[in-house]
Amino acid sequence: MGLRGRPLVALIAGALVAASAAAAASSVARSPARGTAPTTRATTSAPAAATSSSAAPGPKAATSSGSTAIPGAASTTVPGTRPTSPPGNLVLENGGTVTVAVPSLPADFNTAVPAGAGRVAAMIGAQVWPSPFVVGTDLRPVLDSSFVTSAYLTSLHPQTIQYTIAPGARWSDGQPITATDFYYFWREQLLFGPKLPPTDPLQGYEDIRSIAGADGGRTVTVVFSQPYSDWAALFSGLVPAHVGLEWGFLGAFTPSGPGTYVSGGPYEISDVVPGVEVVLTRNPEYWGAPAHVADIVFKVVRGRNATIAALRGGSVDVAEVSPGIDVSRLVASSGGALAVGTRLSPVLWQLAFNLARPTLSIPAVRRAIAEAIDPHEVVGDSAGLVSPEAPGSGNRLFPVGAPGSVGHGSRRSGADDAGADAILVGLGYTVEPDGMVLTPSGQPLQLTLDLPAGNPAVARAAAQVQAELLQAGITLHLLTLPEPELLAKVLPTGGYELALAPYPVTPFPSESQSLYTDPVGPTPPDLFAASGASQTTLPGALAGRPPATGTEPGALVAGAVTRDVLGFSDPDVAALYATAEQQLAPLAAQAAYNQVDRRLWYDLPTLPLFQMPVDLVTRADVYNVTNTDTLAGPMWDAENWVIGIHVAPTTTTPTTTPSTTPSTSGTVTKTTGPTTTTTRGAGR
C-alpha cells in the first residue's frame, strides 16, 4: 500500500524511535571466527499465515530433508540442491572456475536501486547479498535457513514477523548482520520509494510500523501498521547498513564504491573489470557451508551469435540464449560436452493500449481489437516458433505455472471478427462491403503499433497481430524502434497508440501494482466522468507518491516497463490491490489478486501474450545448475554448483579400511574398500 496520506517525515520520525532500540540491541561482540562448524544452507517453504489468532507458533519440526519446517508452512519443500548423479569415472572438484556469459555489467550491485534493477545485478546479488527468502524452481518463496533460521508470523493483529538471524551470520568485513541492517534497508525504501525499480515491494515497506532488535540484534521483530500478503518479498538483497550509512544507499555499491567488496552471501565480489567481467570468489567469512566452485566469472559477451560461439569454443561454461535450431545443433555436435534446458523468462510480453488516445480510451474499442486477435495464433507464430514449449499467458500478475496463476484469457479461442465488427458498429463505426472498418467520421480505422527492434519473435508477433486485425477490417501500421527509445521515451510520454512491450512478472503479485496504477504519462481527462470518479483522489498503493510524469526510473536497466505507461487509472483496480495486499492466508491472497487480473481483463489496458522461452546452456560437467523463471535465473543456488572431473582408469590395492583420500589438486575421492589412486585428466 502507499503512504495513504501519512507524511513521509512522520514515518521516518516514528521509525527512528524503533531504530535507537534496535541499534542499541545490535551492539554485540564480533561473531565467532572461521573454523566453527558450518551450518548447512538449506531452504524451507515460505510460511503461510496463521489461521487462528494465536500469537506464537509451536516448536519447529525437523523435515526428512534436514530442513526446518515452519508451523503453518505450505506442504511443498524446495531443497537447496538438486544433485545429478555423476558417472562412475568422475570425481567432484572442490574448487575450480565457472564462467557465465552476460550481455553487460550492472552500474550498481545494489538490486534495490534503479541502476541495479537488471538481470545481471540480480544474478550477482543472489550470491552476494543475504535474503530471508529465495525463490526456487517452482516459483515458491522458500526460507534460506542459512541466513535466518526461522521467520515466524507471530501475530495477526497487528501483523508481526519475527526473524531469527543465524548464529555467526556476518558481513565479509567481520561486522555482524543484525536488526540494524533490516532497519536501515527499510528506511532507505521509504526515502527513495519513487526512484525504486518496479520489482521492489515498496508498498510492503510502507506498511511497516516498526522494526526492533533483541538478543544482540539477532532477533528482528517487524510490526506492520496493516497486513501485507507478500511479506516474504521483503528484505531481499539486504546490504550492509554500516557501509550504506557512511557512503550512501545510491552510491556505496557501485563498481567503484566501497561497499562493492562487502558480502553477506556464499560469494563475494573479488574483482571488477568495467565492461569486461566481474569475478565472484568464495566468501571466506561465510558462516554456512562453503560453496563448491571457487570462482564464478561473469564475462561480457555481446550478442546471441557471439554467445553461441563462446559456448562452442569453451570460453564460457554457462549462458542463457533464446532457443533456436542453432542451439540444438550446438548441443548435438558437442559430443556430450554441453547440456541445455528451457525455462521461461521473467518478462511478460503484452499488447499495450494507450488510453490517452481518443480512439483507444473507449473500453469497447479495445475489446473489439482484442476480439479480432487470436492470442494462441500470435504465440504459436512467434514464441511458439522459438520453442514449442512456449505457453500463452492469460494473467498479468502471476508468472505461468506459479502458485495461484489462473489464465483468465485462456477461455478465448480463436479470433471473432464478426463479434469485433458488431462491437464497433454499436459505437457508430461502419463496415464497408470490402470488410474495411470506417470510423464514425467516415475515415478508415488505422492504428500504429510500436515494437522493439532486434527481437525476431516479437517482430513475428507484431506481424501476426497486423494480419489478424486486417481480417477484421482494421489497418495496423508497424513502427520498429530501438528498445531503449521505446522503454525510456516513447512509452512513458504517451507517444504511441499500441505497443508490444515487455512487463516484469514475479512470484509476488503485489509488485505489479505500479504497472497498472498512478500513470506517468498523459491520461484521458474524462475517462471516469460518467461514473463520477475522481482521478486525483484514487485509493491504493501509489496515491501518496509524487508525480513522475513522463519518466520510467529503471526501465532501461530492467529491460521492461516499470510504471503505468498506459494512461490507465481505475479506482476499482487500486481498491482491489489494497484488499489483496491485506490477505495473509495464501489462498485468499491468490484469489484476491486474481480478482485484480479479472478487473484488468474487463478494462483491457493490455492484452497478455507470452513469456519468452530461454535456453540455459551449460557445460555438462558442471552439476546442480538449475534455472528459475526469476531475475536471479540459474544463480539462485549457485553455491551448490560443482565441477565433475574425468579421471583415468584406477589402480587398486586391496584393503579393508574405508578411507577418504584428498588429492593435492583439490579433488576428493571417496572409497569404501580398495584404496583408489586418481589421476586428474585434462578436465578443468
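Residues numbered from 1 in each chain as written. Predicted model: local features only at pLDDT ≥ 70, side-chain atom pairs only at ≥ 80, totals over all residues. Heavy atoms only, no water.

Draft legend 1. Up close: the overall build of the protein. Helix and strand counts for the protein stand at 17 helices and 28 strands. Buried positions account for 55% of the 684 residues belonging to the protein. Long-range pairs, those at least 24 residues apart, make up 73% of the contacts in the protein between residues at least 6 apart in sequence. Looking at the protein as shown, the accessible area adds up to about 25,900 Å², and 57% of this sits on carbon and sulfur atoms. (Helix = DSSP H or I, 4+ residues; strand = E, 2+ residues; numbered from the N terminus. Buried < 20%, exposed > 50% of the residue type's maximum accessible area, 1.4 Å probe, protein only. Contact = heavy atoms within 4.5 Å. Areas by Shrake-Rupley, 256 points an atom, 1.4 Å probe, with all protein chains shown as cover.)

Draft legend 2. Quick peek at the side chain of Ser510. Here Ser510 shows up in the loop between strand S21 (498–504) and helix H14 (513–516). On the basis of relative accessible area, Ser510 is assigned to the buried category, the value being 0%. There is a polar contact of 2.8 Å between the side chain of Ser510 and the side chain of Asp230. Here Ser510 is in contact with Gln203, Tyr228, Asp230, Glu581 and Tyr593, once residues within four sequence places are set aside. (Polar contact = N/O pair within 3.5 Å; in protein donor to acceptor, adjacent residues only side chain to side chain.)

Draft legend 3. Quick look at the pattern of salt bridges. The final tally for this structure, using the stated rule, is 12 salt bridges. Note that Asp138 is salt-bridged to Arg140, the shortest N-O span being 3.6 Å. Assessed through its relative accessible area of 24%, Asp138 is described here as partly exposed. Between Asp621 and Arg619 there is a salt bridge whose closest N-O contact spans 3.8 Å. (Salt bridge = Lys/Arg side-chain N within 4 Å of Asp/Glu carboxyl O.)

Draft legend 4. Unusual backbone geometry, seen in detail. Pro158 follows His157 through a cis peptide bond whose omega is -5 degrees. You can see Pro158 is positioned in the loop between strand S8 (148–156) and strand S9 (159–165). Phi is positive for Asn624, close to 70 degrees, though the residue is something other than glycine. Positionally, Asn624 belongs in the loop between strand S23 (622–623) and strand S24 (642–646).

Draft legend 5. Representation of the pairing of strand S14 (residues 295–300) within the structure. Sheet topology note: the strand S5 (residues 97–102)/S14 ladder contains six bridges and is parallel. Bridge pairing in S14 links Val100 to Phe298. (Pairing = 2+ DSSP bridges.)

Draft legend 6. Just the sheet that holds strand S10 (residues 208–214), in detail. Read from one edge of the open sheet, four strands run S8-S9-S11-S10, paired in antiparallel fashion. Edge strands, defined here as strands with exactly one partner in the open sheet, are S8 and S10. Recorded for the sheet is a direction-independent mean angle of 15 degrees between the axes of neighbouring strands. Taken together, the six bridges between S10 and strand S11 (residues 219–224) define a ladder with antiparallel strand orientation. Paired with Gly213 across the two strands is Val220, which belongs to S11. (Axes fitted to C-alpha atoms, helices over the stretch in contact; angles between N-to-C directions.)

Draft legend 7. Representation of the pairing of strand S19 (residues 446–452) in the model. Within S19, five of the seven residues are buried, leaving the element largely enclosed by the surrounding structure. Where S19 and strand S20 (residues 475–481) come together, seven bridges link them in parallel fashion. Residue pairing in the sheet places Asp450 in a bridge with Leu479 of S20. This β-α-β element, S19 to helix H12 (residues 456–471) to S20, shows right-handed connectivity. Pairing between S19 and S21: two bridges, direction parallel. If you follow Asp450 over to S21, its bridge partner there is Ala499. (Right-handed = clockwise from strand over helix to strand, strands pointing away.)

Draft legend 8. Just the packing of helix H8 (residues 363–371) against helix H11 (residues 417–426), in detail. With their axes 8 Å apart at the nearest point, H8 and H11 run at an angle of 165 degrees to one another. Between H8 and H11, the crossing angle belongs to the class labelled roughly antiparallel. Here the hand of the crossing between H8 and H11 comes out left-handed. Contacts between H8 and H11 pair Ala364, Val365, Arg367, Ala368 and Glu371 from the former with Ala420, Ile423 and Leu424 from the latter. Its residues placed into classes, the contact of H8 with H11 shows six nonpolar, no polar and two charged. (Parallel < 35°, antiparallel > 145°, perpendicular 65-115°, else oblique. Left-handed = near helix turned anticlockwise from the far one by under 90°. Nonpolar A, V, L, I, M, F, W, Y, C, P; charged D, E, K, R; others polar.)

Draft legend 9. Structural view of the confidence of the model for the protein. With 74% of its residues at a pLDDT of 70 or more, the protein has an overall mean of 79. Per-residue pLDDT stays below 50 along residues 1–85; that stretch engages in 180 contacts with residues further than four places along the chain or on separate chains. (pLDDT = per-residue confidence, 0-100.)

Draft legend 10. A look at the packing of aromatic side chains. Summed over all chains, the structure comprises 14 aromatic pairs. With a centroid separation of 5.6 Å and an interplanar angle of 75 degrees, the aromatic rings of Tyr183 and Trp186 are classed as edge-to-face. With Tyr183 and Trp186 both in helix H3 (residues 179–192) and three residues apart, this pair spans about one turn of that helix. A residue is classified by how much of its surface remains accessible, and Tyr183, at 7% relative accessible area, is buried. Centroid distance Tyr184 to Phe249: 6.0 Å. Interplanar angle 70 degrees. Geometry classified as edge-to-face. Residue Tyr184 is found in helix H3, and its partner Phe249 is found in the loop between helix H5 (241–247) and strand S12 (267–273); the two are separated by 65 residues along the sequence. For the pair Tyr184 and Phe249, a shared accessibility class is recorded, and that class is buried. (Phe/Tyr/Trp six-rings, centres within 6.5 Å; stacked < 30°, edge-to-face > 60°.)

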